[in-house]
Amino acid sequence: MSVSIIDFSIVSPLGIGQDEHWANIFDPRFIPQYKLGKNEFELIDELYEPLKPYLEGISPERVAVVVSNSKYNFGKYSPSSSSIELDFFAHALSSYLAAKIGSGAIPYAISAACATGLISVMKGCEFLQDQTVDVVIAGSVEASNIKLMEAAFDQMGVLSQSERMSPFSTDRDGFVLGEGGALFILRRTNDVQNAYAKIAGFSYVNDATNPTQFDRRGFSIKRAIRQAMERADIDQIHYVNAHGTATLENDQLEADVFNEVFGGENKPYISSTKSYTGHLLGATGSVELGLCVLALKHRQVIPPWQLENPMPQMTSFMNRPPEGQLTTCLTLNYGFGGHVAAMVVC
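J.: Give me the overall build of the protein: which residues, what numbers.
T.: Helix and strand counts for the protein stand at nine helices and eleven strands. For a compact globule of 346 residues, the expected C-alpha radius of gyration is about 20 Å, and the protein comes in at 19 Å, within 12% of that figure. Taken over the C-alpha atoms alone, the protein extends approximately 55 × 50 × 40 Å along its principal axes. Relative to its 346 residues, the protein shows a buried fraction of 56%. Long-range contacts, defined here as pairs at least 24 residues apart, represent 81% of the contacts in the protein between residues at least 6 apart. Accessible surface, the protein as shown: approximately 14,500 Å² in total, 48% of it carbon and sulfur. Taken as two groups, the 26 positive and 38 negative side-chain charges of the protein have centres that lie 2 Å from each other.

J.: If you had to explain the pairing of strand S11 (residues 339-345) to someone new, which residues and values would you point to?
T.: Within S11, seven of the seven residues are buried, which leaves it mostly tucked inside the rest of the structure. Judged by which residues are buried, S11 turns out to be covered on both faces: His-339, Ala-341, Met-343 and Val-345 on one side and Val-340, Ala-342 and Val-344 on the other are all buried. Looking at chain direction, strand S7 (residues 197-206) and S11 are connected through seven bridges and run antiparallel. Its bridge partner being in S11, Asn-206 is matched across the sheet by His-339. Linking strand S10 (residues 329-335) back to S11 in an antiparallel pair, the connection comprises three residues, with Gly-337 at a positive phi of about 95 degrees.

J.: For the pattern of salt bridges, give the residues involved together with the corresponding values.
T.: Tallied over the full model, the rule gives 14 salt bridges. The salt bridge involving Glu-46 is made with Lys-38; its shortest N-O contact spans 2.6 Å. Residue Glu-46 is classed as partly exposed on the basis of its relative accessible area of 25%. The salt bridge involving Lys-123 is made with Glu-126; its shortest N-O contact spans 3.6 Å. Placement of the pair is Lys-123 and Glu-126 together in helix H4 (residues 116-129), with a separation of three residues, close to one helical turn. Overall, Lys-123 belongs to the partly exposed group, its relative accessible area being 22%. By relative accessible area, Glu-126 is classed as partly exposed at 35%. Each of the salt bridges in this network shares a partner with another, and the network as a whole consists of Arg-62, Asp-134, Arg-188 and Asp-191.

J.: Any chance you could break down the side chain of Ser-275 for me, citing the residues and the numbers?
T.: Position of Ser-275 among the secondary structure elements: in helix H8 (residues 274-277). Looking at Ser-275, its side chain comes within polar contact range of the main-chain nitrogen of Trp-305, at 3.1 Å. In this view, Ser-275 contacts Pro-32, Tyr-34, Met-165, Pro-167, Pro-304 and Trp-305; residues no more than four positions away in its chain are not counted.

J.: Outline helix H1 (residues 18-25), supporting the account with residue identities and numerical values.
T.: Among the residues of H1, those classed as buried are Gln-18, His-21, Trp-22, Asn-24 and Ile-25. Axial view of H1: buried residues confined to an arc of 165 degrees, hence all on one face.

J.: Account for the environment of Ala-143, with residues named and values stated.
T.: Structurally, Ala-143 can be placed in the loop between strand S5 (135-142) and helix H5 (147-156). Judged by its relative accessible area of 2%, Ala-143 falls in the buried class. For the pair Ala-143 and Asp-215, spaced 72 residues apart in sequence, the C-alpha separation works out to 30 Å. Setting aside its immediate chain neighbours within four residues, Ala-143 contacts Lys-38, Asn-39, Glu-40, Lys-71 and Glu-179.

J.: Provide a residue-level description of the nonpolar core, including the pertinent values.
T.: Among the nonpolar cores identified, the biggest contains 50 residues, and Val-136, Leu-186, Ile-199, Tyr-239 and Met-343 are the most heavily contacted of them. The dominant element in this core, judged by the number of residues it contributes, is helix H9 (residues 284-298), at eight residues. Ignoring any residue separated from it by four or fewer positions in sequence, one finds Leu-186 in contact with Val-3, Ser-4, Ile-5, Val-121, Gly-124, Cys-125, Leu-128, Asp-134, Val-135, Val-136, Ala-138 and Ile-199. Membership of the second largest hydrophobic core comes to 29 residues, among which are Val-205, Ile-270, Leu-330 and Ala-342.

J.: I'd like a description of the packing of aromatic side chains, backed by residues and values.
T.: Applying the stated criterion across every chain yields a total of twelve aromatic pairs. Ring geometry for Phe-214 versus Tyr-334: centroids 5.8 Å apart, planes at 65 degrees, classification edge-to-face. On the criterion of sequence distance, the pair formed by Phe-214 in the loop between S7 and helix H6 (219-232) and Tyr-334 in strand S10 is long-range, its members being 120 residues apart. Judged by its relative accessible area of 4%, Tyr-334 falls in the buried class. With a centroid separation of 6.2 Å and an interplanar angle of 40 degrees, the aromatic rings of Tyr-239 and Tyr-269 are classed as tilted. With Tyr-239 in strand S8 (residues 239-241) and Tyr-269 in strand S9 (residues 269-271), this pair connects stretches of sequence that are 30 residues apart. By relative accessible area, which is 3% here, Tyr-269 ends up buried. Among the aromatic residues, ring-to-ring pairing joins Phe-8, Phe-184 and Tyr-196 into one connected group. Over the aromatic face of Phe-127 sits the side chain of Lys-123, whose NZ or CZ is 5.2 Å from the ring centroid.

Criteria and cut-off values
Residues numbered from 1 in each chain as written. Predicted model: local features only at pLDDT ≥ 70, side-chain atom pairs only at ≥ 80, totals over all residues. Heavy atoms only, no water. Helix = DSSP H or I, 4+ residues; strand = E, 2+ residues; numbered from the N terminus. Rg over C-alpha atoms; globule rule 2.2 N^0.38 Å. Buried < 20%, exposed > 50% of the residue type's maximum accessible area, 1.4 Å probe, protein only. Contact = heavy atoms within 4.5 Å. Areas by Shrake-Rupley, 256 points an atom, 1.4 Å probe, with all protein chains shown as cover. Lys, Arg positive; Asp, Glu negative; His and termini not counted. Charge placed at Lys NZ, Arg CZ, Asp CG, Glu CD. Pairing = 2+ DSSP bridges. Salt bridge = Lys/Arg side-chain N within 4 Å of Asp/Glu carboxyl O. Polar contact = N/O pair within 3.5 Å; in protein donor to acceptor, adjacent residues only side chain to side chain. Arc of directions from axis to C-beta. Core = buried A, V, L, I, M, F, W, Y, C linked by side-chain atoms within 4.5 Å. Phe/Tyr/Trp six-rings, centres within 6.5 Å; stacked < 30°, edge-to-face > 60°. Lys NZ or Arg CZ within 6 Å of the ring centre and 35° of its normal.

This is the structure in structure tokens:
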């Protein structure tokens, strides 16, 4: 049973809303502003507002909310507080939005590091496929303006010292933390007449090699890609939105995987939209899914932002398909702890 994306809202360093995101991708004057200065609850409010009309006339008991982030809400934590701050806990975002919808709406939260957003959408699909509900709001948000988090990534040596992300570049030097999120209205395809896109297949697998490193042969990523395509019943992908974190190890691993999985004829166009948004951590999966949906809507791939020196292994994946022929997208996300997620939309 397939699931369709009826509509979605999106906020990121690329802008607010679908139109602004798409326009800024092709605006040569665009310069990313990675920090939005909002907490997760403010992002939820902003994203939920345009989606409210889709819930009119639907009982809250037939709605599920799968909205997550990759961590506890540290912005709500105070070490000097003598009481428990409920907004601090990881489930607080989904409970907050479910309460807005009404008593009976099911709140659910996922914690899967930087694959959180995409896996939240997968769980939303499962709620629909097993008939638990009729409508799902799924997605994720992340506010990364927390010094502790930034210091941890800096200690790992994965933050860009140039403060610019250049995925799949020979001179890449790490990622920049960004903020934002996206929420999707999901319904069973058979229940609707019009939709932005169809979630054709997905896969969620694990790589237990190391908490912060995958097997260098990329077995888990290859498995996830092939499973998602098999479940979608397709043999050709036109556009891949790669995880592409601009770190030395991730981009090399992905390049090797892509050359094996897509090494034949009819290569897909591959880019990482993190060059525009920064690394959104738990929100990266939902925002990047939203950008894939926009690419399908406009039948146009998303070029990397100011990529000057592409890795030699990636140049064969940078030939754009003929205009109007983009009908299948694959989006990929990975997270510390071995999380690997792949989704095909068409």
